[in-house]
Amino acid sequence: MHSRLVVHVSDFRIPRVFPARRPLARSFCSVPAPKCAPPPPKTTVDTSMHTERKAHRARLNNLLLAADRLLESKHAHTIQSYIMDKISAHKFYNSYRWVAFTRLIRFSLSRQLFSVAIVLYDRLVSEGFAPPSSIRASMTALKLADSSGDLQETVEPLTQVFADESYDTAAFMQLLYFMLSVKKAPVPLVDKLAGIYTTTRKIELCSCPDLIGEIVRINTQAGRLDAARGWLRAFEESCQSEDVGTDPSPYAALVHTLMSIDPRNTPALQAILKKMKAAGVPPNISIFNTLMWANVKQGRFREAFELYRVLGTQRSEQLVPSDVTFKILLRAIRLLGQKRRTVRVPNVMEPRQIFRDMLEYHLQQTGGQPLGRSSSLSASALQMALRTFIACKDYLGAFVVVRLLDTFGFTADLQSYRIVLAHLLSRMNREAKSARRPGEYRLADFLMHLRPDEKLDLNAMTSRMQVSQPAAQVSTQGPMSTDLHPLPGPLLNPECSSRDVVSHLLELGEPDRHSDEDLLDVTPSTIIHSSVQSRRHRRMYVPTLPVLCGEDAPPINNRCSPIPLARLLQKVFLGTLWASSPSFNPRWHTLVKRVVGDAKKSMVPSMDVTDSAKAADLRKHLDRKPGLPFALSRRRRSARAGWEIEFVGDDDLSEGKPSRPREKRGDGQ
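Residues numbered from 1 in each chain as written. Predicted model: local features only at pLDDT ≥ 70, side-chain atom pairs only at ≥ 80, totals over all residues. Heavy atoms only, no water.

A. Quick peek at the overall build of the chain. Broken down by element type, the chain carries 28 helices and 0 strands. Out of the 669 residues in the chain, the part that is buried amounts to 51%. In the chain, once contacts between residues fewer than 6 apart in sequence are set aside, the share between residues at least 24 apart is 75%. As presented, the chain carries roughly 32300 Å² of accessible surface, and 52% of it is formed by carbon and sulfur atoms. (Helix = DSSP H or I, 4+ residues; strand = E, 2+ residues; numbered from the N terminus. Buried < 20%, exposed > 50% of the residue type's maximum accessible area, 1.4 Å probe, protein only. Contact = heavy atoms within 4.5 Å. Areas by Shrake-Rupley, 256 points an atom, 1.4 Å probe, with all protein chains shown as cover.)

Set out below in structure tokens:
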């Protein structure tokens with residue numbers, strides 16, 4: 001049965017769409033450009049206003065980043081009071097105060113913080129500002145639903161709001177989330193409002209596949225399968241009447257919902273795929289991801305990797321593996337490694353090959369530019385790769401991941417450090433508790449006898465261990481790494497003696513050494529290599545022991561320098577290499593060079609630019625692409641891609657994050 005599921009997917013043929021050939025307008029090249037008058041020189045007032053505007057923009061951007069970071073912490077319930085305290089008149093004033101209000105309202109709506117958005121909107125109006133028409137229409141609908149005791153009475157006034165041209169589909173979908181999550185509205189009422197909205201605005205259903213998919217998801221979760229089929233049928237008829245291709249997003253929403261309800265309901269999934277094939281609807285990447293995740297959840301790893309193989313043969317401009325695809329594959333690798341008895345899967349991929357594929361698909365979408373944007377690479381995918389290599393004890397692979405963060409426009413964060421430190425403490429604790437064989441050397445011996453600022457000599461480590469004491473003693477008593485988790489909050493028990501061990505490991509990263517000339521060369525040279533090098537030489541924040549323990553506040557933007565973490569991983573890699581054969585070896589350097597070269601060859605693809613015009617355009621806008629902390633892309637809803645697979649609670653390595661508190665009425669706390 002499971003293999004038939006793969007066969008049905010492989011039967012689809014994805015149409016390849018190529019851009020139309022554009023004629024060359026050579027005659028226009030001879031037309032001289034019109035001469036324009038030179039711009040007037042900037043006055044002192046203009047310069048002052050420009051500087052003030054930049055300061056306001058930077059202050060607001062920092063506020064939004066800090067608010068997003070607060071939502072990922074245990075103090076997320078204080079978000080409303082935090083924002084209201086920060087938006088004071090002496091920090092944001094004049095016209096930029098209006099900008100601050102509108103951006104904060106949109107931020108709150110995008111995070112489904114509806115009560116915060118309502119409070120901000122009321123304050124915007126009370127201070128005499130005129131809200132943008134889109135925000136006014138959206139907030140009017142939300143306030144009608146929020147103030148009503150009987151939601152049935154809101155149907156008529158909401159119908160009038162729907163007729164407003166400023167009220168778009170995104171605003172209506174926010175209203176759906178608000179009524180379901182906050183007001184606990186019955187699904188039949190929500191379904192009725194959806195029908196009223198599409199009828200009032202005379203919307204062709206084929207033009208809003210995301211909305212149809214969301215309504216299908218809501219009805220399916222409530223057990224209203226007939227209503228879900230009715231919306232799908234109406235969507236198909238609209239596509240046929242308008243003579244447009246049927247978007248697979250509604251089907252993806254149905255497949256994802258059925259998988260979340262019962263991953264073992266294979267006949268239902270096969271029926272949907274047959275229906276799509278009969279209607280000529282090709283599956284999108286969300287459907288592939290959902291089917292792969294359903295197989296991984298049930299332990300059918302062979303089928304999951306076979307689906308990825310089929311995806312590779314069927315890929316086109318419309319069907320490319322996303323970052324979720326690679327996170328599912330990496331998750332499968334970790335689940336396989338957690339089994340007591342290793343299960344041999346014939347078509348399983350190596351983690352290094354998965355990582356290389358992810359980078360290659362990213363470079364294909366960006367024309368060979370690593371700093372470009374694509375759907376195949378994200379901060380959370382890189383974090384998942386780091387977790388996977390650490391779990392597999394492939395410290396050289398983890399080192400490569402950290403070293404490539406700068407190359408692809410990302411930074412490390414506190415979670416990156418906590419992932420590595422928690423694993424090292426756990427391994428060192430197990431080694432301290434296990435019996436030692438005669439002549440056995442371990443990674444803990446190497447790390448605890450290693451001095452932070454010395455030039456590493458592997459041949460001298462064995463003799464040093466026989467005559468010197470370790471820098472800190474690994475304790476086998478009390479709570480140790482079992483209480484560690486790579487999440488916002490305390491990393492260690494403050495009374496645990498392992499603080500000395502963590503302090504020594506942090507010192508091995510040499511946080512005061514900002515250059516990276518001592519690190520192994522695994523990064524490729526690209527046309528923007530100089531830009532990456534300048535970013536590397538900037539001094540960035542390095543986390544300290546009190547910050548990792550939760551005693552001090554973390555940095556505002558949650559960004560940390562990856563260089564000390566990479567240096568620590570490099571020493572861990574050399575320690576494992578030494579522990580495997582601690583005898584004297586005059587060719588250590590040759591061995592290390594060969595192993596590192598093999599890792600670079602297997603993990604780092606070539607980065608030759610395929611489109612010079614696109615490369616020049618990307619270089620022009622590199623500074624506009626800020627590095628995102630890992631938490632910002634843990635779970636998102638992308639256009640026409642369905643809900644991202646949620647990994648929270650599926651892992652004994654605590655890869656999840658604290659659940660965000662449900663929205664409540666009143667003050668939102």
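B. View of the side chain of E214. Mapped onto the fold, E214 is located in helix α10 (residues 209-221). Among the polar contacts listed, one links the side chain of E214 to the side chain of R217, at a separation of 2.3 Å. (Polar contact = N/O pair within 3.5 Å; in protein donor to acceptor, adjacent residues only side chain to side chain.)

C. A look at helix α8 (residues 169-181). Counted at 1.5 Å a residue, the expected span for α8 with its 13 residues is 18 Å, and the 18 Å between its end C-alpha atoms agrees. Those residues of α8 not exposed but buried are A171, F172, M173, Q174, L175, L176, Y177, F178 and M179. In this structure, the buried residues of α8 make contact with α4 (95-110), α5 (114-126), α6 (133-147), α7 (155-162), α9 (187-200) and α10. (Expected span 1.5 Å × (residues − 1).)

D. Highlighting the environment of Y417. Structurally, Y417 can be placed in helix α20 (residues 414-433). Residue class for Y417 comes out buried when judged on its relative accessible area of 3%. Here the alpha-carbon distance between Y417 and V542, two residues 125 residues apart in the chain, equals 9.8 Å. If we skip the residues at most four places from it in the chain, Y417 touches P543, L548, C560, S561, P564 and L565. Of note is the side chain of Y417, whose polar atom sits 2.5 Å from the backbone oxygen of S561.

E. Highlighting helix α14 (residues 285-297). For α14, which comprises 13 residues, the first-to-last C-alpha distance of 18 Å matches the rise-based estimate of 18 Å (1.5 Å per residue) to within 8%. Among the 13 residues that make up α14, 12 are buried, leaving the element largely enclosed by the rest of the structure. Within α14, burial applies to I285, S286, I287, F288, N289, T290, L291, M292, W293, A294, N295 and V296. Of the residues flanking the end of α14, it is G299, one or two places downstream, whose phi is positive at about 80°.

F. Region of the structure containing unusual backbone geometry. For D243, which is not a glycine, the phi torsion comes out positive at approximately 55°. Take D243: it is sitting in the loop between α11 (225-241) and α12 (249-261).

Fair warning: the whole summary comes from geometry, so function is off the table for now.
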